[in-house]
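Architecture and fold: a report
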Amino acid sequence: MISDETQTEQRPPQGDTGTKTVFIKSYGCQMNVYDSQRMADTLTAAGYVETSEAHNADLVILNTCHIREKAAEKVYSELGRLRVARDERRRAGGDMQIAVAGCVAQAEGAEILRRAPVVDLVVGPQTYHRLPDLLAKAGQRQKPVDTEFPVEDKFTVLPAPKRAATLARGPSAFVTVQEGCDKFCTFCVVPYTRGAETSRPVAGIVAEVERLAAAGVREISLLGQNVNAYHGEGPDGRDWTLGMLLHRLARIEPVTRLRYTTSHPLDMDDSLIEAHRDLPALMPFLHLPVQSGSDRILDVMNRKHTAADYLRLIGRIRAARPDMAFSSDFIVGFPGETEEDFAATLRLIEEVSYVSAYSFKYSPRPGTPGAGMDDQVEESVKARRLARLQALTEGQQKAFNQASIGRTMAVLFDRKGRRPGQIAGRSPFLQAVQVEADEALIGAVAPVEITAMGAWSLHGILAGTPTREAVA
Ligand code: SAH
Ligand code: SF4
Ligand code: F3S
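What you see is a predicted model, and the numbers here were worked out from it, not measured in a lab. (Residues numbered from 1 in each chain as written. Chains lettered and ligands numbered in written order. Predicted model: local features only at pLDDT ≥ 70, side-chain atom pairs only at ≥ 80, totals over all residues. Heavy atoms only, no water.)

With that out of the way, let us pick up the site of ligand 3. Close to ligand 3 lie 10 residues; C29, C65, H66, C103 and Q225 are nearest. Split into classes, the residues belonging to the shell around ligand 3 amount to five nonpolar, four polar and one charged. (Near = heavy atom within 4 Å. Nonpolar A, V, L, I, M, F, W, Y, C, P; charged D, E, K, R; others polar.)

So, about the side chain of H66. Summarising the element assignment, H66 is placed in the loop between β4 (59–64) and α2 (69–91). In contact with H66, other than residues within four places in its own chain, are A72, C103, V104, A107, E108, V189, T193, R365 and P366. (Helix = DSSP H or I, 4+ residues; strand = E, 2+ residues; numbered from the N terminus. Contact = heavy atoms within 4.5 Å.)

Judged by nonpolar contacts, the single largest core of 52 residues is most densely connected at L222 and Y260. Not counting the four nearest positions on each side in its chain, Y260 is found in contact with L222, V227, L242, L246, M268, L272, H276, L282 and L286. Core analysis: the second largest hydrophobic core is formed by 37 residues, Y76, V104, A105 and I297 among them. (Core = buried A, V, L, I, M, F, W, Y, C linked by side-chain atoms within 4.5 Å. Buried < 20%, exposed > 50% of the residue type's maximum accessible area, 1.4 Å probe, protein only.)

Here helix α15 (residues 379–404) contains 26 residues, and its C-alpha end-to-end distance of 37 Å stays within 8% of the 38 Å for a straight helix at 1.5 Å per residue. Of all the residues in α15, the buried ones are V381, K382, R385, L386, L389, L392, T393, Q396, F400, N401 and S404. Residues of α15 that are buried sit in contact with β14 (325–332), α14 (339–352), β15 (356–361), β16 (408–416), β19 (445–453) and β20 (458–462). Positive backbone phi, approximately 95°, marks G406, located one or two places after α15. (Expected span 1.5 Å × (residues − 1).)

Now for helix α9 (residues 202–214). Under the 1.5 Å per step criterion, the end-to-end length of α9 is 18 Å for 13 residues, consistent within 8% with the ideal 18 Å. Listed as buried for α9 are V202, I205, V206, E208, V209, L212 and A213. Seen end-on, α9 carries its buried residues on one side only, within an arc spanning 165°. Turned more than 90 degrees from where α9 packs its buried face, A203 and A214 sit exposed. Packing partners of the buried residues in α9 comprise α1 (30–45), α7 (163–168), β8 (172–176), β11 (219–223) and α10 (242–249). (Arc of directions from axis to C-beta.)

We now examine the UniProt feature "binding site: [4Fe-4S] cluster 1" (unreviewed entry) in the protein chain. Under the present numbering, the feature "binding site: [4Fe-4S] cluster 1" (unreviewed entry) in UniProt falls on C29, C65 and C103. In three dimensions, the annotated residues from a span of 75 residues occupy one location, with a maximal C-alpha spread of 10.5 Å. Checked against the element boundaries, C29 lands in strand β2 (residues 20–29). Mapped onto the fold, C103 is located in helix α3 (residues 102–108). Every residue in contact with C103, bar those within four places of it in the chain, is listed here: T64, C65, H66, P125, T193 and R194. (UniProt positions renumbered as here; feature names shortened; annotations may be inferred.)

Further remarks concern the sheet that holds strand β13 (residues 285–287). In space, the three strands of this open sheet follow the order β13-β14-β15, with parallel pairing throughout. In this open sheet, the two strands that pair with only one neighbour each are β13 and β15. Adjacent strand axes in the sheet meet at a mean angle of 10°, parallel and antiparallel pairs treated alike. Looking at chain direction, β13 and β14 are connected through three bridges and run parallel. If you follow F285 over to β14, its bridge partner there is A325. (Pairing = 2+ DSSP bridges. Axes fitted to C-alpha atoms, helices over the stretch in contact; angles between N-to-C directions.)

Assigned domains within the protein chain: domain 1 (5–146), domain 2 (154–402) and domain 3 (405–462). The gap between the C-alpha centroids of domain 1 and domain 3 is 35 Å. (Domains from an automatic or database assignment.)

Around ligand 2 sit C181, K183, F184, C185, F187, C188, V190, P191, N226, H264 and R303, and those are all the residues in its vicinity. Of the residues assigned to the shell around ligand 2, the class counts are seven nonpolar, two polar and two charged.

Here you go:
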(Lines give C-alpha, C1' and ligand atoms only; values in the text may rest on other atoms or scores of the structure.)
(Ligands and ions follow the chains in the order given, each with its own letter.)
Protein backbone atom coordinates (compact mmCIF):
# COMPACT_ATOMS: atom_id res chain seq x y z
CA MET A 1 0.00 0.00 0.00
CA ILE A 2 1.72 3.08 -1.18
CA SER A 3 0.45 6.60 -0.97
CA ASP A 4 1.83 9.24 -3.23
CA GLU A 5 3.27 11.74 -0.85
CA THR A 6 2.73 12.30 2.79
CA GLN A 7 3.86 15.12 4.91
CA THR A 8 4.56 14.57 8.56
CA GLU A 9 2.89 16.83 11.04
CA GLN A 10 1.09 20.03 10.16
CA ARG A 11 2.14 22.78 12.51
CA PRO A 12 2.27 26.51 12.00
CA PRO A 13 5.69 27.85 11.02
CA GLN A 14 7.66 29.27 13.92
CA GLY A 15 8.75 32.88 14.18
CA ASP A 16 12.40 33.85 14.29
CA THR A 17 13.11 32.52 17.76
CA GLY A 18 16.57 31.19 17.07
CA THR A 19 15.16 27.66 17.04
CA LYS A 20 15.91 25.72 13.87
CA THR A 21 13.00 24.46 11.82
CA VAL A 22 12.72 21.20 9.90
CA PHE A 23 10.37 20.14 7.13
CA ILE A 24 10.12 16.44 6.30
CA LYS A 25 8.37 15.03 3.26
CA SER A 26 7.71 11.29 2.87
CA TYR A 27 7.31 9.39 -0.35
CA GLY A 28 6.46 5.71 -0.71
CA CYS A 29 5.21 3.27 1.89
CA GLN A 30 4.03 3.54 5.49
CA MET A 31 7.46 2.49 6.69
CA ASN A 32 8.78 5.76 5.32
CA VAL A 33 6.04 7.63 7.17
CA TYR A 34 7.12 5.90 10.39
CA ASP A 35 10.79 6.66 9.67
CA SER A 36 9.94 10.31 9.02
CA GLN A 37 8.24 10.52 12.40
CA ARG A 38 11.28 8.99 14.08
CA MET A 39 13.56 11.45 12.25
CA ALA A 40 11.33 14.25 13.52
CA ASP A 41 11.59 12.83 17.08
CA THR A 42 15.39 12.66 16.79
CA LEU A 43 15.64 16.23 15.54
CA THR A 44 13.13 17.55 18.08
CA ALA A 45 15.33 16.09 20.81
CA ALA A 46 18.24 17.95 19.19
CA GLY A 47 16.36 21.28 19.36
CA TYR A 48 14.54 21.47 16.03
CA VAL A 49 10.87 22.41 15.61
CA GLU A 50 8.78 21.02 12.74
CA THR A 51 7.29 23.32 10.14
CA SER A 52 4.68 22.48 7.52
CA GLU A 53 6.24 24.69 4.83
CA ALA A 54 9.47 23.83 3.05
CA HIS A 55 10.37 27.43 2.29
CA ASN A 56 10.29 28.27 6.01
CA ALA A 57 12.65 25.45 6.92
CA ASP A 58 16.30 25.59 7.96
CA LEU A 59 16.45 21.89 7.16
CA VAL A 60 14.45 19.99 4.54
CA ILE A 61 14.50 16.20 4.48
CA LEU A 62 13.10 14.23 1.56
CA ASN A 63 12.39 10.67 2.71
CA THR A 64 12.40 8.94 -0.64
CA CYS A 65 11.06 5.83 -2.39
CA HIS A 66 12.83 3.80 -5.07
CA ILE A 67 10.11 1.26 -5.86
CA ARG A 68 9.20 2.52 -9.34
CA GLU A 69 10.99 4.89 -11.68
CA LYS A 70 8.34 7.58 -11.27
CA ALA A 71 8.73 7.60 -7.50
CA ALA A 72 12.51 7.92 -7.71
CA GLU A 73 12.43 10.66 -10.36
CA LYS A 74 9.99 12.75 -8.32
CA VAL A 75 12.82 13.39 -5.88
CA TYR A 76 14.93 15.15 -8.46
CA SER A 77 12.13 17.48 -9.55
CA GLU A 78 11.49 18.31 -5.89
CA LEU A 79 15.20 19.03 -5.40
CA GLY A 80 15.02 21.47 -8.33
CA ARG A 81 12.23 23.38 -6.58
CA LEU A 82 14.12 23.31 -3.28
CA ARG A 83 17.17 24.87 -4.92
CA VAL A 84 15.06 27.90 -5.81
CA ALA A 85 13.70 28.10 -2.23
CA ARG A 86 17.19 27.77 -0.75
CA ASP A 87 18.58 30.50 -3.02
CA GLU A 88 15.75 32.81 -1.97
CA ARG A 89 16.51 32.18 1.70
CA ARG A 90 20.18 32.88 1.05
CA ARG A 91 19.35 36.17 -0.64
CA ALA A 92 17.33 37.09 2.47
CA GLY A 93 20.37 36.33 4.65
CA GLY A 94 19.24 32.83 5.74
CA ASP A 95 20.08 29.35 4.55
CA MET A 96 18.58 25.88 4.08
CA GLN A 97 20.21 22.49 4.52
CA ILE A 98 18.83 19.75 2.27
CA ALA A 99 19.03 16.05 3.13
CA VAL A 100 17.95 13.04 1.08
CA ALA A 101 16.92 10.03 3.18
CA GLY A 102 15.16 6.73 2.49
CA CYS A 103 15.39 4.20 -0.30
CA VAL A 104 16.73 6.44 -3.11
CA ALA A 105 19.47 7.52 -0.66
CA GLN A 106 20.29 3.86 0.00
CA ALA A 107 20.21 2.87 -3.68
CA GLU A 108 22.05 5.81 -5.20
CA GLY A 109 24.27 7.09 -2.34
CA ALA A 110 26.90 9.61 -3.46
CA GLU A 111 25.46 9.60 -7.00
CA ILE A 112 22.74 11.90 -5.62
CA LEU A 113 25.35 14.53 -4.74
CA ARG A 114 26.70 14.40 -8.29
CA ARG A 115 23.26 14.68 -9.88
CA ALA A 116 21.91 17.27 -7.44
CA PRO A 117 24.71 19.35 -5.90
CA VAL A 118 22.09 21.24 -3.85
CA VAL A 119 21.97 18.21 -1.52
CA ASP A 120 24.04 18.56 1.68
CA LEU A 121 23.60 15.12 3.14
CA VAL A 122 22.53 11.58 2.16
CA VAL A 123 21.30 9.17 4.84
CA GLY A 124 19.91 5.65 4.41
CA PRO A 125 16.99 4.01 6.26
CA GLN A 126 19.26 2.28 8.80
CA THR A 127 21.32 5.27 9.97
CA TYR A 128 18.94 8.18 10.40
CA HIS A 129 19.40 8.01 14.19
CA ARG A 130 22.79 9.59 13.41
CA LEU A 131 21.17 12.68 11.83
CA PRO A 132 22.29 15.24 14.45
CA ASP A 133 25.94 14.15 14.01
CA LEU A 134 25.66 14.02 10.24
CA LEU A 135 24.12 17.51 10.17
CA ALA A 136 26.96 18.88 12.28
CA LYS A 137 29.43 17.38 9.80
CA ALA A 138 27.47 18.78 6.84
CA GLY A 139 27.71 22.19 8.53
CA GLN A 140 31.51 21.92 8.33
CA ARG A 141 31.33 21.95 4.54
CA GLN A 142 31.62 18.20 4.12
CA LYS A 143 28.79 16.32 2.46
CA PRO A 144 28.23 13.14 4.46
CA VAL A 145 26.83 10.03 2.79
CA ASP A 146 25.79 7.40 5.35
CA THR A 147 24.19 4.32 3.80
CA GLU A 148 25.72 1.75 6.14
CA PHE A 149 23.86 -1.18 7.61
CA PRO A 150 25.33 -0.51 11.06
CA VAL A 151 25.86 -2.98 13.88
CA GLU A 152 23.96 -0.84 16.37
CA ASP A 153 20.18 -1.14 16.26
CA LYS A 154 18.64 2.27 15.54
CA PHE A 155 15.52 1.39 17.52
CA THR A 156 17.49 1.13 20.75
CA VAL A 157 18.96 4.63 20.37
CA LEU A 158 16.11 6.59 18.79
CA PRO A 159 14.42 8.95 21.26
CA ALA A 160 10.73 8.38 22.02
CA PRO A 161 8.35 11.04 20.68
CA LYS A 162 7.14 13.69 23.12
CA ARG A 163 3.55 13.07 24.25
CA ALA A 164 2.41 16.20 22.40
CA ALA A 165 3.92 14.90 19.15
CA THR A 166 2.13 11.56 19.58
CA LEU A 167 -1.19 13.32 20.22
CA ALA A 168 -0.71 15.55 17.17
CA ARG A 169 -0.21 12.46 15.00
CA GLY A 170 -3.69 11.21 15.91
CA PRO A 171 -5.20 8.06 17.45
CA SER A 172 -3.82 5.71 14.81
CA ALA A 173 -0.09 4.96 14.83
CA PHE A 174 2.45 2.94 12.90
CA VAL A 175 5.06 0.79 14.63
CA THR A 176 7.77 -0.82 12.56
CA VAL A 177 8.45 -4.34 13.86
CA GLN A 178 10.34 -5.90 10.96
CA GLU A 179 12.57 -4.50 8.24
CA GLY A 180 14.13 -5.75 5.05
CA CYS A 181 13.31 -8.66 2.83
CA ASP A 182 14.95 -11.94 1.78
CA LYS A 183 12.35 -12.87 -0.83
CA PHE A 184 14.00 -11.30 -3.91
CA CYS A 185 10.95 -11.04 -6.15
CA THR A 186 12.52 -10.37 -9.54
CA PHE A 187 10.81 -6.97 -9.98
CA CYS A 188 11.58 -5.49 -6.58
CA VAL A 189 14.31 -3.19 -5.19
CA VAL A 190 13.39 -3.60 -1.51
CA PRO A 191 15.88 -6.40 -0.70
CA TYR A 192 18.61 -4.06 -1.98
CA THR A 193 17.41 -0.79 -0.42
CA ARG A 194 16.33 -2.19 2.93
CA GLY A 195 18.68 -5.13 3.24
CA ALA A 196 18.16 -8.53 4.83
CA GLU A 197 15.15 -9.37 6.95
CA THR A 198 15.48 -8.37 10.63
CA SER A 199 12.93 -8.27 13.43
CA ARG A 200 12.81 -6.06 16.53
CA PRO A 201 12.73 -7.83 19.88
CA VAL A 202 9.29 -8.11 21.50
CA ALA A 203 10.22 -6.04 24.59
CA GLY A 204 11.01 -2.86 22.63
CA ILE A 205 7.79 -3.15 20.62
CA VAL A 206 5.68 -3.69 23.77
CA ALA A 207 7.28 -0.64 25.40
CA GLU A 208 6.62 1.49 22.33
CA VAL A 209 2.98 0.39 22.06
CA GLU A 210 2.43 0.97 25.81
CA ARG A 211 3.82 4.50 25.44
CA LEU A 212 1.56 5.19 22.46
CA ALA A 213 -1.49 3.78 24.25
CA ALA A 214 -0.81 5.93 27.30
CA ALA A 215 -0.75 9.02 25.05
CA GLY A 216 -4.17 8.20 23.56
CA VAL A 217 -3.36 6.02 20.53
CA ARG A 218 -6.16 3.51 19.91
CA GLU A 219 -5.04 1.74 16.75
CA ILE A 220 -1.64 0.25 16.05
CA SER A 221 -0.54 -0.85 12.59
CA LEU A 222 2.50 -3.08 12.79
CA LEU A 223 4.74 -2.47 9.81
CA GLY A 224 7.33 -4.46 7.93
CA GLN A 225 8.31 -4.94 4.31
CA ASN A 226 7.49 -8.54 5.05
CA VAL A 227 5.73 -8.14 8.36
CA ASN A 228 4.37 -11.67 8.70
CA ALA A 229 7.89 -13.08 8.45
CA TYR A 230 8.38 -11.45 11.88
CA HIS A 231 10.60 -13.56 14.15
CA GLY A 232 11.73 -11.23 16.95
CA GLU A 233 13.28 -12.35 20.22
CA GLY A 234 10.63 -12.87 22.88
CA PRO A 235 11.03 -12.38 26.64
CA ASP A 236 11.57 -16.16 26.92
CA GLY A 237 14.64 -15.91 24.67
CA ARG A 238 12.88 -17.76 21.84
CA ASP A 239 11.89 -16.31 18.48
CA TRP A 240 8.27 -15.18 18.49
CA THR A 241 5.99 -15.24 15.45
CA LEU A 242 3.75 -12.34 14.44
CA GLY A 243 0.77 -14.28 15.81
CA MET A 244 2.46 -14.49 19.24
CA LEU A 245 3.36 -10.79 19.12
CA LEU A 246 -0.24 -9.85 18.28
CA HIS A 247 -1.53 -11.92 21.24
CA ARG A 248 0.84 -10.03 23.54
CA LEU A 249 -0.08 -6.59 22.13
CA ALA A 250 -3.81 -7.35 22.38
CA ARG A 251 -3.34 -7.39 26.20
CA ILE A 252 -2.20 -3.75 26.26
CA GLU A 253 -4.98 -1.47 27.53
CA PRO A 254 -6.57 0.55 26.04
CA VAL A 255 -5.42 -0.12 22.48
CA THR A 256 -8.58 -1.17 20.68
CA ARG A 257 -7.41 -2.05 17.20
CA LEU A 258 -4.49 -3.95 15.73
CA ARG A 259 -3.47 -4.25 12.09
CA TYR A 260 -0.34 -5.34 10.24
CA THR A 261 1.07 -4.74 6.78
CA THR A 262 2.56 -5.85 4.33
CA SER A 263 2.33 -9.62 4.28
CA HIS A 264 3.68 -12.21 1.89
CA PRO A 265 1.32 -15.16 1.21
CA LEU A 266 4.08 -17.69 2.02
CA ASP A 267 4.46 -16.39 5.58
CA MET A 268 0.79 -16.62 6.67
CA ASP A 269 1.39 -19.31 9.29
CA ASP A 270 -1.20 -21.09 11.45
CA SER A 271 -0.53 -18.94 14.52
CA LEU A 272 -1.32 -15.81 12.51
CA ILE A 273 -4.50 -17.23 11.02
CA GLU A 274 -5.56 -18.35 14.51
CA ALA A 275 -4.88 -14.82 15.80
CA HIS A 276 -7.54 -13.61 13.34
CA ARG A 277 -9.94 -16.15 14.83
CA ASP A 278 -9.11 -15.42 18.48
CA LEU A 279 -8.35 -11.70 18.79
CA PRO A 280 -11.32 -9.33 18.45
CA ALA A 281 -8.88 -6.39 18.38
CA LEU A 282 -7.25 -7.72 15.23
CA MET A 283 -9.20 -5.98 12.47
CA PRO A 284 -10.87 -8.14 9.79
CA PHE A 285 -8.93 -6.56 6.95
CA LEU A 286 -5.79 -7.93 5.35
CA HIS A 287 -3.54 -6.52 2.65
CA LEU A 288 -2.21 -9.67 1.02
CA PRO A 289 -0.46 -8.85 -2.27
CA VAL A 290 -0.56 -11.47 -5.00
CA GLN A 291 0.83 -9.40 -7.93
CA SER A 292 -0.46 -11.74 -10.65
CA GLY A 293 -2.95 -14.57 -11.13
CA SER A 294 -0.83 -16.42 -13.70
CA ASP A 295 1.27 -19.32 -12.37
CA ARG A 296 3.81 -18.78 -15.12
CA ILE A 297 4.28 -15.10 -14.24
CA LEU A 298 4.23 -15.82 -10.49
CA ASP A 299 7.07 -18.27 -11.11
CA VAL A 300 9.16 -15.80 -13.14
CA MET A 301 8.46 -13.18 -10.46
CA ASN A 302 9.91 -15.65 -7.92
CA ARG A 303 6.82 -15.37 -5.71
CA LYS A 304 7.16 -19.08 -4.81
CA HIS A 305 3.44 -19.92 -4.83
CA THR A 306 0.69 -20.55 -7.38
CA ALA A 307 -2.66 -18.83 -7.83
CA ALA A 308 -4.37 -21.92 -6.37
CA ASP A 309 -2.12 -21.76 -3.26
CA TYR A 310 -3.16 -18.15 -2.78
CA LEU A 311 -6.86 -18.91 -3.20
CA ARG A 312 -6.60 -21.80 -0.71
CA LEU A 313 -4.94 -19.45 1.77
CA ILE A 314 -7.71 -16.86 1.36
CA GLY A 315 -10.19 -19.67 2.04
CA ARG A 316 -8.39 -20.70 5.26
CA ILE A 317 -8.30 -17.11 6.52
CA ARG A 318 -12.00 -16.64 5.71
CA ALA A 319 -12.78 -19.86 7.57
CA ALA A 320 -11.05 -18.41 10.65
CA ARG A 321 -12.68 -14.99 10.35
CA PRO A 322 -15.71 -15.01 8.03
CA ASP A 323 -16.04 -11.22 7.71
CA MET A 324 -12.43 -10.85 6.57
CA ALA A 325 -11.92 -8.29 3.76
CA PHE A 326 -8.88 -8.40 1.49
CA SER A 327 -6.82 -5.97 -0.50
CA SER A 328 -3.87 -6.65 -2.78
CA ASP A 329 -1.17 -5.17 -5.00
CA PHE A 330 -1.01 -6.05 -8.70
CA ILE A 331 1.64 -5.53 -11.32
CA VAL A 332 0.57 -5.52 -14.98
CA GLY A 333 2.95 -5.94 -17.89
CA PHE A 334 5.69 -7.90 -16.14
CA PRO A 335 8.14 -9.19 -18.82
CA GLY A 336 6.53 -11.96 -20.87
CA GLU A 337 2.97 -11.31 -19.62
CA THR A 338 0.56 -12.40 -22.36
CA GLU A 339 -3.14 -11.62 -22.73
CA GLU A 340 -3.77 -15.09 -21.32
CA ASP A 341 -1.62 -14.42 -18.24
CA PHE A 342 -3.43 -11.13 -17.74
CA ALA A 343 -6.82 -12.86 -18.08
CA ALA A 344 -5.73 -15.23 -15.28
CA THR A 345 -5.11 -12.20 -13.05
CA LEU A 346 -8.60 -10.86 -13.80
CA ARG A 347 -10.06 -14.30 -12.98
CA LEU A 348 -8.26 -14.39 -9.63
CA ILE A 349 -9.59 -10.91 -8.82
CA GLU A 350 -13.12 -12.07 -9.66
CA GLU A 351 -12.70 -15.07 -7.43
CA VAL A 352 -11.37 -13.23 -4.35
CA SER A 353 -13.38 -10.00 -4.67
CA TYR A 354 -11.19 -7.33 -3.09
CA VAL A 355 -12.41 -4.36 -1.07
CA SER A 356 -9.48 -2.28 -2.28
CA ALA A 357 -6.47 -2.74 -4.53
CA TYR A 358 -3.28 -1.03 -5.62
CA SER A 359 -2.14 -1.72 -9.14
CA PHE A 360 0.90 -0.63 -11.08
CA LYS A 361 2.46 -0.86 -14.51
CA TYR A 362 5.66 -2.85 -14.27
CA SER A 363 8.64 -0.50 -13.95
CA PRO A 364 12.05 -2.05 -14.69
CA ARG A 365 14.35 -1.20 -11.78
CA PRO A 366 18.14 -1.06 -12.01
CA GLY A 367 19.88 -4.08 -10.52
CA THR A 368 16.78 -6.33 -10.42
CA PRO A 369 16.56 -9.48 -12.59
CA GLY A 370 13.29 -8.33 -14.22
CA ALA A 371 14.96 -5.29 -15.75
CA GLY A 372 17.29 -7.56 -17.77
CA MET A 373 14.55 -9.88 -19.09
CA ASP A 374 14.09 -9.93 -22.86
CA ASP A 375 10.37 -9.85 -23.38
CA GLN A 376 9.50 -6.44 -21.90
CA VAL A 377 5.89 -5.43 -22.48
CA GLU A 378 5.08 -2.23 -24.38
CA GLU A 379 3.92 0.77 -22.35
CA SER A 380 0.68 1.09 -24.32
CA VAL A 381 -0.20 -2.55 -23.54
CA LYS A 382 0.58 -2.00 -19.85
CA ALA A 383 -1.65 1.10 -19.82
CA ARG A 384 -4.55 -0.79 -21.41
CA ARG A 385 -4.26 -3.71 -18.99
CA LEU A 386 -3.99 -1.38 -16.00
CA ALA A 387 -7.18 0.41 -17.00
CA ARG A 388 -9.06 -2.90 -17.36
CA LEU A 389 -7.78 -4.22 -14.05
CA GLN A 390 -8.61 -1.00 -12.24
CA ALA A 391 -12.14 -0.93 -13.69
CA LEU A 392 -12.65 -4.39 -12.17
CA THR A 393 -11.15 -3.64 -8.73
CA GLU A 394 -12.89 -0.26 -8.50
CA GLY A 395 -16.18 -1.98 -9.28
CA GLN A 396 -15.56 -4.49 -6.48
CA GLN A 397 -14.68 -1.71 -4.03
CA LYS A 398 -17.84 0.18 -4.94
CA ALA A 399 -19.99 -2.94 -4.52
CA PHE A 400 -18.48 -3.56 -1.07
CA ASN A 401 -19.13 0.04 -0.04
CA GLN A 402 -22.67 -0.10 -1.42
CA ALA A 403 -23.32 -3.28 0.57
CA SER A 404 -22.19 -1.44 3.72
CA ILE A 405 -25.20 0.89 3.57
CA GLY A 406 -27.58 -0.07 6.36
CA ARG A 407 -24.87 -1.86 8.38
CA THR A 408 -23.66 -0.59 11.74
CA MET A 409 -19.89 -0.59 12.10
CA ALA A 410 -17.39 0.53 14.71
CA VAL A 411 -15.60 3.66 13.50
CA LEU A 412 -12.42 5.06 15.00
CA PHE A 413 -12.61 8.82 14.53
CA ASP A 414 -9.21 10.19 13.67
CA ARG A 415 -9.65 13.63 12.08
CA LYS A 416 -11.95 16.48 11.18
CA GLY A 417 -14.37 15.72 8.33
CA ARG A 418 -14.56 17.13 4.84
CA ARG A 419 -17.18 19.74 5.86
CA PRO A 420 -17.57 21.88 9.01
CA GLY A 421 -19.49 19.97 11.68
CA GLN A 422 -18.26 16.60 10.38
CA ILE A 423 -15.63 14.28 11.76
CA ALA A 424 -14.10 11.38 9.90
CA GLY A 425 -12.76 7.97 10.76
CA ARG A 426 -12.17 4.44 9.57
CA SER A 427 -14.34 1.35 9.66
CA PRO A 428 -12.77 -2.02 10.60
CA PHE A 429 -12.32 -2.51 6.82
CA LEU A 430 -10.40 0.77 6.46
CA GLN A 431 -13.30 2.51 4.73
CA ALA A 432 -13.36 6.28 5.29
CA VAL A 433 -16.57 7.30 7.08
CA GLN A 434 -17.90 10.85 7.58
CA VAL A 435 -20.30 11.61 10.43
CA GLU A 436 -21.91 14.80 11.77
CA ALA A 437 -20.58 14.81 15.31
CA ASP A 438 -18.61 16.78 17.85
CA GLU A 439 -14.86 17.09 17.35
CA ALA A 440 -14.47 15.93 20.94
CA LEU A 441 -15.10 12.41 19.62
CA ILE A 442 -11.85 12.37 17.66
CA GLY A 443 -9.82 9.60 19.27
CA ALA A 444 -12.89 7.54 20.21
CA VAL A 445 -14.54 4.49 18.66
CA ALA A 446 -18.31 4.61 18.11
CA PRO A 447 -20.92 2.48 16.39
CA VAL A 448 -22.03 4.19 13.18
CA GLU A 449 -24.93 3.25 10.95
CA ILE A 450 -23.84 3.70 7.33
CA THR A 451 -26.47 5.68 5.46
CA ALA A 452 -24.93 6.66 2.11
CA MET A 453 -21.95 6.31 -0.17
CA GLY A 454 -20.18 9.40 -1.51
CA ALA A 455 -17.46 9.64 -4.14
CA TRP A 456 -14.62 9.40 -1.60
CA SER A 457 -16.15 8.04 1.55
CA LEU A 458 -19.14 6.59 3.31
CA HIS A 459 -21.55 8.70 5.34
CA GLY A 460 -23.23 7.61 8.54
CA ILE A 461 -24.94 8.56 11.77
CA LEU A 462 -23.89 7.78 15.34
CA ALA A 463 -25.74 4.66 16.45
CA GLY A 464 -24.64 4.23 20.04
CA THR A 465 -22.35 5.42 22.77
CA PRO A 466 -18.79 6.24 21.84
CA THR A 467 -16.07 4.70 23.89
CA ARG A 468 -12.39 5.39 24.23
CA GLU A 469 -11.63 2.04 25.73
CA ALA A 470 -13.75 -0.82 24.49
CA VAL A 471 -12.73 -3.22 21.80
CA ALA A 472 -14.02 -2.14 18.40
N1 SAH B 1 6.54 -6.47 0.48
C2 SAH B 1 5.40 -6.29 -0.24
C3 SAH B 1 5.45 -5.18 -1.29
C4 SAH B 1 6.44 -4.11 -1.25
S5 SAH B 1 6.49 -3.05 -2.64
C6 SAH B 1 5.01 -7.59 -0.93
O7 SAH B 1 5.70 -8.54 -0.89
O8 SAH B 1 3.99 -7.62 -1.57
C9 SAH B 1 4.82 -2.56 -2.84
C10 SAH B 1 4.23 -2.90 -4.16
O11 SAH B 1 4.86 -2.19 -5.20
C12 SAH B 1 4.41 -4.35 -4.55
O13 SAH B 1 3.47 -5.16 -3.94
C14 SAH B 1 4.27 -4.31 -6.05
O15 SAH B 1 2.94 -4.47 -6.44
C16 SAH B 1 4.73 -2.91 -6.40
N17 SAH B 1 6.03 -2.94 -7.07
C18 SAH B 1 7.22 -3.32 -6.56
N19 SAH B 1 8.18 -3.26 -7.50
C20 SAH B 1 7.60 -2.82 -8.63
C21 SAH B 1 8.06 -2.55 -9.95
N22 SAH B 1 9.32 -2.74 -10.28
N23 SAH B 1 7.16 -2.11 -10.87
C24 SAH B 1 5.86 -1.92 -10.54
N25 SAH B 1 5.37 -2.16 -9.30
C26 SAH B 1 6.21 -2.60 -8.36
FE1 SF4 C 1 9.71 -6.86 -2.69
FE2 SF4 C 1 8.95 -9.37 -2.92
FE3 SF4 C 1 10.24 -8.56 -0.74
FE4 SF4 C 1 7.75 -7.76 -1.18
S5 SF4 C 1 8.43 -9.87 -0.81
S6 SF4 C 1 9.45 -6.50 -0.51
S7 SF4 C 1 7.69 -7.54 -3.37
S8 SF4 C 1 11.08 -8.66 -2.78
FE1 F3S D 1 9.54 2.67 -1.44
FE2 F3S D 1 11.45 1.93 0.15
FE3 F3S D 1 8.96 1.69 0.93
S4 F3S D 1 11.43 1.66 -2.01
S5 F3S D 1 7.94 1.32 -0.98
S6 F3S D 1 10.01 3.57 0.52
S7 F3S D 1 10.63 0.30 1.36
